[in-house]
Amino acid sequence: MEAGPFPEEVPARKVCVVGSELVENYTVYIIDVTDGLHKWTVKHRYSDFYDLHEKLTAEKKVDRHLLPPKKILGKNSKSLVERRQKELELYLQTLLQQFPEATPTPLACFLHFHLYEINGITAALAEELYHKGEQLLQAGEVFSLRPLQLYSISQQLRLAKPTCFTGDAKTDLGHILDFTCRLRYLKISGTRGPVGTSNIQENSLSFDLSVFKSLLQIEISDCSSPQVHGLPSLRSTLATLSIHRSTQSMMSILVPEASEFSRWEPEGAESGCPVTAVVPVWRNLTTLDMSHNCISAVDSSVKLIPKVEFLDLSYNQLLSVENLQHLYNLVHVDLSYNSLRTLEAAHTRLGNIKTLSLAGNQLENLTGLSKLYSLVNLDLSHNQLAQLEEIRNIGALPCLEKLNLSSNPMCIIPDYRTKVLAQFGDRAAEVCLDCKVTTEKELDTVEVLKAIQKAKEVKDRMSNSDKKITEDTNPSAAAPPTSSSSSCLAQQAACSSQEITSREEVPEPPTVLPPVDAAPPTESFNSNTLLLSAEPAQVKHSALSPSEQSLCGAPTNTASSAAAICCVCSASFSSHLEVRCPSCSATWCPLLPPPLFSLSSSNKDFITQLSQWLSLALREQKTKRGEEEDESDPRDVRSPVEGSDLCSRR
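Residues numbered from 1 in each chain as written. Predicted model: local features only at pLDDT ≥ 70, side-chain atom pairs only at ≥ 80, totals over all residues. Heavy atoms only, no water.

- Looking at an unreviewed UniProt entry, one finds the chain named PX domain-containing protein and attributed to Characodon lateralis.

## What about the overall build of the chain?
- The helix and strand tally for the chain stands at 16 helices and 20 strands.
- Within the chain, buried positions represent 42% of all 650 residues.
- Contacts spanning at least 24 positions in sequence make up 55% of the contacts within the chain whose residues lie at least 6 apart.
- With an accessible surface of roughly 34100 Å², the chain has 52% of that area assigned to carbon and sulfur atoms. (Helix = DSSP H or I, 4+ residues; strand = E, 2+ residues; numbered from the N terminus. Buried < 20%, exposed > 50% of the residue type's maximum accessible area, 1.4 Å probe, protein only. Contact = heavy atoms within 4.5 Å. Areas by Shrake-Rupley, 256 points an atom, 1.4 Å probe, with all protein chains shown as cover.)

## A short note on the packing of aromatic side chains
- A complete count under the given rule lists five aromatic pairs for this structure.
- Between Trp40 and Phe113, the ring centres sit 6.1 Å apart and the planes meet at 80°, which makes this aromatic pair edge-to-face. Of this pair, Trp40 sits in strand 3 (residues 38-45) while Phe113 is found in helix 4 (residues 113-116), placing the two residues 73 residues apart along the sequence.
- We classify Trp40 as buried; its relative accessible area is 1%.
- Each member of the aromatic cluster is reached from another via a ring pair, and the members are Trp40, Phe113 and Tyr116.
- Cation over ring: Arg45 sits above Tyr26, and NZ or CZ is 3.8 Å from the ring centre. (Phe/Tyr/Trp six-rings, centres within 6.5 Å; stacked < 30°, edge-to-face > 60°. Lys NZ or Arg CZ within 6 Å of the ring centre and 35° of its normal.)

## A look at the sheet that holds strand 9 (residues 240-244)
- If you trace the 11 strands from one edge of the open sheet to the other, you get 4-5-7-9-12-13-14-15-16-17-18, paired in parallel fashion. Unpaired on one side and paired on the other, strand 4 (143-145) and strand 18 (432-433) mark the two borders of the sheet.
- As paired elements, strand 13 (residues 310-312) and strand 14 (residues 332-334) share three bridges and run parallel to each other. Counted as the bridge partner of Leu311 is Val333 from strand 14. (Pairing = 2+ DSSP bridges.)

## Let's talk about the confidence of the model for the chain
- The predicted model of the chain averages 77 in pLDDT, with 72% of residues at 70 or higher.
- Model confidence for the chain, summarised as mean pLDDT per element, is weakest for helix 14 (residues 536-544) at 38 and strongest for strand 12 (residues 287-289) at 97.
- Low pLDDT (under 50) marks residues 1-8, which in the prediction has 23 contacts with non-local residues, meaning those over four places away or in another chain.
- When the criterion is pLDDT under 50, residues 572-579 qualifies, and its contacts beyond four places in sequence or with other chains add up to 31 contacts. (pLDDT = per-residue confidence, 0-100.)

## Quick look at unusual backbone geometry
- The phi dihedral of Arg245 falls on the positive side, at around 50°, and the residue is not glycine.
- You can see Arg245 is positioned in the loop between strand 9 and helix 8 (251-254).
- Taking the relative accessible area as the measure of exposure, Arg245 reaches 36% and is therefore partly exposed.

## Focus on the nonpolar core
- Ranked by size, the top nonpolar core spans 89 residues in total, and within it Leu209, Leu369 and Leu380 carry the most contacts.
- Leave out the neighbours within four places in its chain, and Leu380 touches Leu358, Leu363, Leu366, Leu369, Leu385, Ile394, Leu403, Asn404, Leu405 and Asn408.
- Listed in part, the 32 residues of the second largest apolar core include Val81, Leu88, Leu111 and Ile121. (Core = buried A, V, L, I, M, F, W, Y, C linked by side-chain atoms within 4.5 Å.)

## With respect to the packing of helix 5 (residues 118-139) against helix 7 (residues 174-182)
- Running from amino to carboxyl end, helix 5 crosses helix 7 at an angle of 45°, the nearest separation of the two axes being 8 Å. The orientation of helix 5 with respect to helix 7, classified from their angle, is oblique. Note on packing geometry: the crossing formed by helix 5 with helix 7 is left-handed. Mapping the contact onto sequence places Thr122, Leu125, Ala126, Leu129, Tyr130, Gly133, Glu134, Leu136 and Leu137 in helix 5 and His175, Ile176, Phe179 and Arg182 in helix 7.
- Here the residues of the contact of helix 5 with helix 7 are counted per class, giving eight nonpolar, three polar and two charged. (Axes fitted to C-alpha atoms, helices over the stretch in contact; angles between N-to-C directions. Parallel < 35°, antiparallel > 145°, perpendicular 65-115°, else oblique. Left-handed = near helix turned anticlockwise from the far one by under 90°. Nonpolar A, V, L, I, M, F, W, Y, C, P; charged D, E, K, R; others polar.)

## Section: the side chain of Ser198
- Locating Ser198 in the fold gives a position in the loop between strand 5 (185-189) and strand 6 (207-208).
- Ser198 sits in the buried class, given a relative accessible area of 7%.
- A polar atom in the side chain of Ser198 sits 2.6 Å from the backbone oxygen of Val195.
- Engagement of the side chain of Ser198 in a polar contact is seen with the backbone nitrogen of Ile200, the distance being 3.2 Å.
- Setting aside anything within four residues of it in sequence, one finds Ser198 in contact with Lys39, Trp40 and Tyr116. (Polar contact = N/O pair within 3.5 Å; in protein donor to acceptor, adjacent residues only side chain to side chain.)

## Looking at the packing of helix 5 against helix 6 (residues 147-158)
- Orientation of helix 5 relative to helix 6, taken along the N-to-C sense of each, is 105°, at an axis distance of 9 Å. Between helix 5 and helix 6, the crossing angle belongs to the class labelled roughly perpendicular. Note on element contacts: helix 6 touches helix 5 through Leu148, Gln149, Ser152, Ile153, Gln155 and Gln156, opposite Ile118, Asn119, Ile121, Thr122 and Leu125.
- Across the contact of helix 5 with helix 6, the residue classes tally to five nonpolar, six polar and no charged.

## Overview of helix 1 (residues 46-60)
- Look at helix 1: 21 Å from first C-alpha to last across 15 residues, which is about the 21 Å you get at 1.5 Å a residue.
- All of the buried residues in helix 1 are Tyr46, Phe49, Leu52, His53, Leu56 and Thr57. For helix 1, the arc enclosing every buried residue in end-on projection is 135°, short of the 170-degree limit, so these residues lie on one face. Among the exposed residues of helix 1, those oriented more than 90 degrees off its buried face are Ala58 and Glu59.
- Of the surrounding elements, those touching the buried residues of helix 1 are strand 2 (26-35), strand 3, helix 2 (78-98) and helix 3 (105-110).
- Lys61, located one to two residues past helix 1, shows a positive phi value of around 60°. (Expected span 1.5 Å × (residues − 1). Arc of directions from axis to C-beta.)

## Regarding the pattern of salt bridges
- Within the structure shown, the criterion is met by 12 salt bridges.
- As a salt-bridge pair, Arg349 and Glu322 come within 3.7 Å of each other at their nearest N and O atoms. Residue Arg349 is located in helix 9 (residues 347-350), and its partner Glu322 is located in the loop between strand 13 and strand 14; the two are separated by 27 residues in the primary sequence.
- Given a relative accessible area of 35%, Glu322 falls into the partly exposed group.
- One network of salt bridges, with partners in common, ties together Glu134, Asp178 and Arg182. (Salt bridge = Lys/Arg side-chain N within 4 Å of Asp/Glu carboxyl O.)

## Observations concerning the sheet that holds strand 1 (residues 13-23)
- With respect to topology, three strands assemble into an open sheet ordered 1-2-3, the strand pairing being antiparallel. A strand with exactly one partner marks an edge of an open sheet, and here the two such strands are strand 1 and strand 3. Taking each pair of neighbouring strands and ignoring which way they run, the sheet shows an average axis angle of 20°.
- Note: strand 1 against strand 2, 10 bridges, orientation antiparallel. If you follow Arg13 over to strand 2, its bridge partner there is Asp35.

## Things to note about the environment of Leu137
- Looking at the element boundaries, Leu137 is found in helix 5.
- When the C-alpha atoms of Leu137 and Tyr185 are compared, they prove to be 9.3 Å apart, with 48 residues separating the residues in sequence.

Here's what the structure looks like:
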């Protein structure tokens, strides 16, 4: 049977004994009680009827012969049970007619009015508070009420009846109103399905909370948010609000007025558009728990709760996180067990939070968490995080102390804990991973991983530097020759065709790489070939510091007395190394292309072969020079300075 709301006027009540059943050695009679659209079932044996009759007889002077008499023999016979069933039904109907409004307490309890009927419910609650109300208020404990009780109170206040129409001061409704005005902590717990043996569905019953004037904390569970009235009256006092299994949107709880006004703005906000209502904010609300609901979005209603510090939206259906930038005081946020796949730029919405729970979502990356610099506790368990590289996004968070990554795909990676802790660098010892304190052994392993990582980074930087040098020099080598390089080539061709009549001998220290012959360059060498000077410092510098040389220039850090040989005219001279030859004005060119300098600095075999080749070339040069000097006329011998009119006065 479907439940319906209680009418404003008390309807006619009916009772009917619909059957009986044998329990052990006695018969139980099944009674259906109807109160408007609501029905419930009560079961009693004959002795219960007898006790009721004795109480009513003593208190209300009910006719003693109204109840059917007892039977000693054959009390469980079918014929007796059927006849007694009709007699008991007539007895109960007579009592209800005799007490149409103020039902005696024994009769109300017999028919379970205190559980399912509004008068009986309020009378029972009033009597309880009459005895214990003051004690409960002084203790400051949470007081629990059911939606059916709150509905009964609301209905009683709507009826045009005195608060004590039964004549019993203990059941006066005033006891309830006095208690609700001073109560600070309230819990309202509904039920799923019908209440007890009745057809009453509590989530279909509306009730009003405006009777509570001093509430600081309220928790509502298993109710229907459209049926909860009076929440706006709590905005000035309420500090903690918890709603579970009761709503599909935050708007229906925080801004019930939105159902009546399409355009509203929070109190104190500046709006450039016309509004139909200005809604007061929740002035003292600091904790909002709306977990275990069916909320799919964080709507604009959060503008009314600017002072909230703790927000729990776990176990909902959130696909994204919006509008939280209006909550400037947020410290703790729980978004666990929703349907979040990504959380981009979380710092723009979550501000300076300290605790964030994202457990039980579908996150695959952590790029949006990299700027939550005040975060201390982060729960990412039960997500889809598979790559350790994602930890780098949170590894630089300076305040993070507790991190939970359990039940993620990455947890099966060997040495998962140490590899995660290594992402935190020097702060690895401060991080508690997966609720386990980091051990000394793990810290030692982390130090090794950090050293390996640093070495890899240094190697990568060196590799990138060499690559950059190569990229910078290759375009210059492939570029068309400039005027200076063209002049150098022409001078090489001219000098190579002339007959060399005289040459100063260059001292040859035994430990120095000899210069190469001054023959014109072959096709394997371009205009960037270099004739090494006789000084070891020059050779070492050319091999180890190519970045300090120009493409066609000589090394800058050479000895001032270095003996050099021109790569064009083969003139030798003893002075500090010039950019141009003092004999033929040829520009100095490097012997090796820049990519080979790094090879020559690290390959000893290459250096050895190069030295041997240069020594052989020097010996051949000396032999040729000796033959030419013997055949030449001494008058034709020219000094390097006399044979050149260029670069002599540099």
